[in-house]
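Close look at the chain arrangement
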Amino acid sequence: MMPTWQSMGSWGSLMFIWAMLQQFIPYRFFRRFFEKYTRKIESYFDPYIRIRFDEYCFNDALSERERSTAYVAIQHYLETNSSCKARRLKANPVKNSQTLVLGMDDYEEITDEYQGITVWWTSMKTVSGSMSTLGDDKQEQQRYYTLNFHGRYRDLITKSYMQHVLTQGKAISVEKRERKLKELKELLAKAKEEEELLAKAKEEEQLKAKKEKVQDNGRRFISSKRCCFL
């Protein structure tokens, strides 16, 4: 159906009023107004909250990037759960050890429960490319975790659960460090014991060779004396 002159006049009136309002009311007011109600609409259809934890953060004091302690604690915490919950795992070798640590693979998701509330952890990764002076493409990877939970549990998750995760993660990190130190001490003690055994065996071999040499010299002396008597 073709638009009538009346409907076109109403639309023109609205456009005129909108133009007049823009002249007297700042644009940022309308932007804040629409953003406010847009968030309300989004929260109505998607009540879940997402928190992102980047692997690296910028240290203003050092003016450089450093690994986030929160990310490391979360990583240790999730490693204890991912081995039995995640379907896709990533094996990370441990330095100076023959053991492997299983962790979440990229884009893998696991669930965790806290006081009867279910939350979702996802391991994510972004790749950004850059061109070097030699013309080679270099890709920089940025890993991060996302925590998803229902908005009605905001206070419990952000205060109690996050403190629980960080505390447990740091405790697991300390336990792993102590285990590594213990294994290193055992390896050093074993290496020292083997070194002492080798030194002892070498000393015994030298004493044996020296004894055989003395005995050989004695036999030669006796043989020479016999020749003189004859």
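These numbers were taken from a predicted model, which means no experiment stands behind them. (Residues numbered from 1 in each chain as written. Predicted model: local features only at pLDDT ≥ 70, side-chain atom pairs only at ≥ 80, totals over all residues. Heavy atoms only, no water.)

1. Things to note about the overall build of the protein chain
From N to C terminus, the protein chain includes four helices and eight strands. Reading the helices (α) and strands (β) of the protein chain from amino to carboxyl end gives α-α-β-β-β-α-β-β-β-β-β-α. Of all 230 residues assigned to the protein chain, the portion counted as buried reaches 21%. When contacts within the protein chain are restricted to residue pairs at least 6 apart in sequence, long-range pairs at least 24 apart make up 49% of them. When the accessible area of the protein chain is evaluated, it comes to approximately 18700 Å², of which 56% is carbon and sulfur surface. (Helix = DSSP H or I, 4+ residues; strand = E, 2+ residues; numbered from the N terminus. Buried < 20%, exposed > 50% of the residue type's maximum accessible area, 1.4 Å probe, protein only. Contact = heavy atoms within 4.5 Å. Areas by Shrake-Rupley, 256 points an atom, 1.4 Å probe, with all protein chains shown as cover.)

2. Focus on the packing of aromatic side chains
Under the criterion given, the structure shown has four aromatic pairs. With a centroid separation of 4.8 Å and 25° between ring planes, the pair formed by Tyr71 and Tyr145 is classed as stacked. You can see Tyr71 sitting in helix H3 (residues 69-85) and its partner Tyr145 sitting in strand E8 (residues 137-150), a full 74 residues away along the chain. Per residue, the accessibility class of Tyr71 equals that of Tyr145, and both read buried. Sitting above the plane of the Tyr144 ring, Arg52 keeps its charged end 3.7 Å from the centroid. (Phe/Tyr/Trp six-rings, centres within 6.5 Å; stacked < 30°, edge-to-face > 60°. Lys NZ or Arg CZ within 6 Å of the ring centre and 35° of its normal.)

3. Some thoughts on the pattern of salt bridges
Scanning the entire structure with this criterion turns up six salt bridges. For Asp54, the salt bridge is made with Arg52, and the minimal N-O distance between the two is 2.6 Å. The exposure class of Asp54 is partly exposed, given its relative accessible area of 29%. Of the charged contacts in the structure, one is a salt bridge between Glu55 and Arg67, with a shortest N-O distance of 3.1 Å. Within this pair, whereas Glu55 is found in the loop between strand E1 (48-54) and strand E2 (56-59), its partner Arg67 is found in strand E3 (residues 64-67), the two being separated by twelve residues in sequence. For Arg67, a relative accessible area of 36% corresponds to the partly exposed category. (Salt bridge = Lys/Arg side-chain N within 4 Å of Asp/Glu carboxyl O.)

4. Some words on the confidence of the model for the protein chain
With 63% of its residues at a pLDDT of 70 or more, the protein chain shows a mean pLDDT of 76. Low pLDDT, under 50, characterises residues 1-8; the predicted model gives this stretch one contact beyond four residues in sequence or across chains. (pLDDT = per-residue confidence, 0-100.)

5. Some points on the nonpolar core
Grouped together as the largest cluster of nonpolar side chains are 19 residues, with contacts concentrated most on Ile74, Leu78, Trp121, Leu147 and Tyr161. Mapped onto this core, the elements with two or more residues apiece are E1, H3, strand E6 (109-114), strand E7 (117-131), E8 and helix H4 (154-229). (Core = buried A, V, L, I, M, F, W, Y, C linked by side-chain atoms within 4.5 Å.)

6. Let's talk about unusual backbone geometry
Even without a glycine there, the phi angle at Tyr107 is positive, about 65°. Residue Gln115 is not a glycine yet carries a positive backbone phi of 55°. Note on placement: Gln115 falls in the loop between E6 and E7. Residue class for Gln115 comes out exposed when judged on its relative accessible area of 58%.

7. A few points about the environment of Arg67
Put simply, Arg67 and Asp54 are 13 residues apart on the chain and 8.7 Å apart in space, counted from C-alpha to C-alpha. Among all residues touching Arg67, those that are not within four sequence positions of it are Glu55, Tyr56, Val72 and Gln75. Polar contacts involving the side chain of Arg67 include one to the side chain of Glu55, which spans 3.1 Å. (Polar contact = N/O pair within 3.5 Å; in protein donor to acceptor, adjacent residues only side chain to side chain.)

8. Digging into a nonpolar patch on the surface
On the surface, a nonpolar cluster with roughly 290 Å² of combined accessible area is contributed by Leu181, Leu184 and Leu188. Relative to the helices and strands, Leu184 resides in helix H4. (Patch = residues over 30% accessible without salt bridge, like charges linked within 9 Å, V, L, I, M, F, W, Y side chains within 5 Å.)

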